[in-house]
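Structure assessment
Now for the letters of each chain:
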Amino acid sequence: MKINWLSNNYYLLVFLLILSYSVKGQNNFIPQSKKKCGIPSNGKIQSFRDNQNWGYGYDSLIVDLDRWDSYSFVTIDSIGATVQNRAIWELTISENAEANSNHRIYIHARTHPGEEESFWVTNEIINILISESPFAEFVRSNCIFHIIPMYNPDGVELGYPRENANGIDIESGWDDIPLEPEVAVLKNRFSNLMLSVPNPVKIALNMHSAYSCTRYFVFHDEVGTSENYAILEQQFIGGIQSFFPGGFENWDYFVSWTSGTPDQYPESWWWMNHGENVMALTYEDMNCEQAGLYDSTANAILRGICDYIGLNYINISDENGNHPAGFSLGQNYPNPFNAITLIPYTTIMPGRVTITILDIMGHEVLQLVNSDHNVGKYFVKWDGTNRYKRQVGSGIYFYRIQAGLINKTRKMLLIQ
Ligand SMILES: [Zn+2]
């Protein structure tokens, strides 16, 4: 009986062995929770594929484009065509897209059709940008946002989780010859914006969602970028986090490029061609039942972008008429930290600012900042291992800021 079963099922066994090998090969043995992005295996694939184009299809986009186009500060263009000849639509949002002083930001979403949360966050970014709030007016007057809400419409309409109509994942293959049509279109668009305008792209976000059910940015390790870029990434991510406390994972939640610079991704293209000049990151929203709070997420991303490019909007009220906190001393990040940490702070009055590091006994370790400041948002870096200043041991430290009559202190933990 046993021998019969084996002979009857011999081909099945061989097939299963090959299948398990190839699945492992694809996953590269990375645990599912730490994979870059994707969809949960709970039946969502089938239901959305059959019924809803993953919840938001190309027809829905056309309706929204028509609505967005009614705003004077929104321009809608097709930047090229997909394999099945659908237009890849791009919104440009700015009060004056020709102004050379404006900061240029690029956002493209939904490379992977099954990650529709990436669209919902992007949709809220658009909603904030087209709103009548003073913050929105301020951003529109100082920035040019280019946004592709649906980069892979063929995949959306075909119900594919990750691929274009040729069955290719266009998140990678940016170094392929020949390029997939969608990749060629976006690469060309990026190139033109960087070559032909006096104010090139400063920030490029690539919107995805992952079934680890957390919100995070894919951090590029300094091994694949540079020490300075890694600091800039921490600054960018930390700034966004500060506008949605608890909403995002810390910068070191998902660290990639640890063994060098890859060449197949959009961010690879940005890094290899424009280095530290462009903050190009993948954002991963939640791809799970608990997904939501897209408005809080979008708001934090927009305010973090403003902070990063040094736009001072702190006296600008938000959509509810509230003024964001004036003078503030943010929590350092990372915290706990091993060597380097960043301390964010904001000043609402011009004047002298000092920031002092104190040990657990309240003794001064060193003065990090002692200078006149304009109104604005700042970061200061403390390297707990800096031998030229003073090397200190593991433990609890305080940092104290003094500006005029204001005096605030916070705690941090150094672990060496
Ligand atoms: Zn993805």
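Criteria and thresholds
Sequence order sets the numbering: in each chain, residues are counted from 1 along the sequence as written. pLDDT decides what is reported in this predicted model: residues at 70 or higher carry local features, side-chain atom pairs at 80 or more are listed and counted, and totals for whole chains, interfaces and linings draw on all residues regardless. No hydrogens and no water enter the side-chain calculation; it runs on all heavy atoms of the structure. In short, DSSP must find at least two bridges between two strands for them to pair. Numbering goes from the N terminus for both helices and strands, where a helix is a DSSP run of H or I of at least four residues and a strand is a run of E of at least two. Each residue is placed in one exposure class: buried if its accessible area under a 1.4 Å probe, protein chains only, is under 20% of its type's maximum, exposed if it is over 50%, and partly exposed if it falls in between. Two cysteine sulfur atoms make up a disulfide if the distance between them is within 2.5 Å. Here the expected span of a helix is defined as 1.5 Å times the quantity of residues minus one. Axis definition: a line fit to C-alpha positions, over the contact stretch in the case of helices; interaxial angles, taken between N-to-C directions, run 0 to 180 degrees. Working definition: roughly parallel below 35 degrees, roughly antiparallel above 145 degrees, roughly perpendicular at 65 to 115 degrees, and oblique for all remaining angles. Helix crossings are classified by the rotation of the near helix relative to the far one: an anticlockwise turn of less than a right angle makes the crossing left-handed, while a clockwise turn makes it right-handed. By definition in these notes, contact holds between two residues if any of their heavy atoms fall within 4.5 Å. In this text, buried Ala, Val, Leu, Ile, Met, Phe, Trp, Tyr and Cys residues form a nonpolar core when linked through side-chain atoms within 4.5 Å.

The next subject is the pairing of strand β12 (residues 364-373). Relative to β12, strand β11 (residues 351-358) is paired through 8 bridges, and the arrangement is antiparallel. For Ile 355, the partnering residue across the bridge sits in β12 and is Val 369. Counted along the chain from β11 to the antiparallel partner β12, the turn is 5 residues long, and its residue Gly 362 has a positive phi close to 90 degrees.

Glancing now at the pairing of strand β3 (residues 103-109). Counting buried residues in β3 gives 7 out of 7 residues, a clear majority hidden from the surface. Burial along β3 is two-sided: the residues His 103, Ile 105, Ile 107 and Ala 109 and Arg 104, Tyr 106 and His 108 are all buried. One ladder, built from 6 bridges, connects β3 with strand β4 (residues 143-148); its direction is parallel. Bridge pairing links Ile 105 to Phe 145 in β4. In the sheet, β3 pairs with strand β5 (residues 201-210) via 6 bridges, with the strands oriented parallel.

All right, on to the state of the cysteines then. Applying the stated criterion across every chain, the model contains 0 disulfides. Of the cysteine sulfurs around Cys 143, a residue in no disulfide, the closest is that of Cys 306, at 5.2 Å. Overall, Cys 143 belongs to the buried group, its relative accessible area being 1%.

In this model, helix α11 (residues 294-308) (15 residues) spans 21 Å end to end at C-alpha, consistent with the 21 Å of a helix rising 1.5 Å per residue. By the criterion of burial, α11 is predominantly enclosed, with 13 of the 15 residues buried. One or two steps after α11, the chain reaches Gly 310, where phi turns positive at roughly 80 degrees.

A word on the packing of helix α8 (residues 181-196) against helix α10 (residues 266-274). As a packed pair, α8 and α10 sit with axes 11 Å apart at the nearest point and diverge in direction by 30 degrees. If you check the angle between α8 and α10, you find them roughly parallel. For α8 against α10, the interelement crossing comes out right-handed. Residue-level contacts link Lys 187, Phe 190, Ser 191 and Met 194 of α8 to Trp 269, Trp 270 and His 274 of α10.

Our focus in this paragraph is the nonpolar core. Counting residues in each nonpolar core, the largest one holds 76 residues, and the members touching the most others are Trp 68, Phe 145, Phe 236 and Ile 301. Sort the elements by how many residues they give to this core and α11 lands first, with 8 residues. If near-sequence neighbours (up to four positions away) are discounted, Ile 301 is found in contact with Val 121, Ile 125, Leu 205, Met 207, Phe 217, Ile 240, Phe 248 and Tyr 283. Grouped together as the second largest cluster of nonpolar side chains are 20 residues, Ile 357, Val 392, Tyr 397 and Ile 401 included.

So, about the environment of Arg 162. Here Arg 162 is to be found in the loop between α7 (153-158) and α8. Sequence separation between Arg 162 and His 112 is 50 residues; the distance between their C-alpha atoms is 4.3 Å.

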